[in-house]
Amino acid sequence: MSEKGNPGINSLTNTLNGMMNAKMDTPPVLDFGIINADYSLTTNSFRQPIPKDEYSVCRSVTYNPKVPLTETYNDGEHEHPEATSPNSSHIHKVKLPEKMTWLQAGDEVLVAWVNHEAVVIDIIYNAATLGTEEPY
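Summary of the structure given here. (Residues numbered from 1 in each chain as written. Predicted model: local features only at pLDDT ≥ 70, side-chain atom pairs only at ≥ 80, totals over all residues. Heavy atoms only, no water.)

**Considering the environment of V94**
Rule in force here: The numbering of helices and of strands both runs from the N terminus, where a helix is a DSSP run of H or I of at least 4 residues and a strand a run of E of at least 2.
Summarising the element assignment, V94 is placed in strand 5 (residues 90-94). Along the backbone, V94 and T70 are 24 residues apart, and their C-alpha atoms lie at a distance of 5.5 Å.

Quick look at the structure:
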């Protein structure tokens, strides 16, 4: 045998090695993760924190619950129990529930991998919270 070894075995080894490396470099399509104190993201399949400027989030997890989604103004054409006097003008503020809040440190999240970028889809709660008033 020469010092180069068997060309067939070397070719097979290189092919298998390439296939294994390619498989290891491909993250799963969906993953679970956690938002860290500095808002970096750590997922189950990628244990190194991903800085917050290197992953994306869906719009639904960026809502600030302190900001009304909408305000409606009434010019006094109907009575309202919260108005200071009958037919007085008032504003209705529509807000999402606190459970629909933006991402916070410690939140468990569902992550989709798009190519090699992590995208936080939503906050995850344990199913035991179903049927309760607040899923915390």
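The rest of the description comes next.
**Notes on the sheet that holds strand 1 (residues 30-35)**
Stated formally: At least two DSSP bridges between two strands are required for those strands to pair.
Here we have five strands laid out as an open sheet, ordered 2-1-6-7-3, and mixed in their pairing. With one partner strand each, in any of the chains shown, strand 2 (41-43) and strand 3 (56-57) form the two edges of the open sheet. Two elements, strand 1 and strand 6 (residues 108-114), share five bridges in a ladder whose sense is antiparallel. Along strand 6, the bridge assignment pairs G33 with V109.

**Some remarks on the pairing of strand 6**
Bridge count between strand 6 and strand 7 (residues 117-123): six bridges; the pairing is antiparallel. Note that in strand 7 the partner of W113 across the bridge is A118. The antiparallel pairing of strand 6 with strand 7 creates a hairpin that spans two residues between the two strands, and N115 there sits at a positive phi of about 55°.

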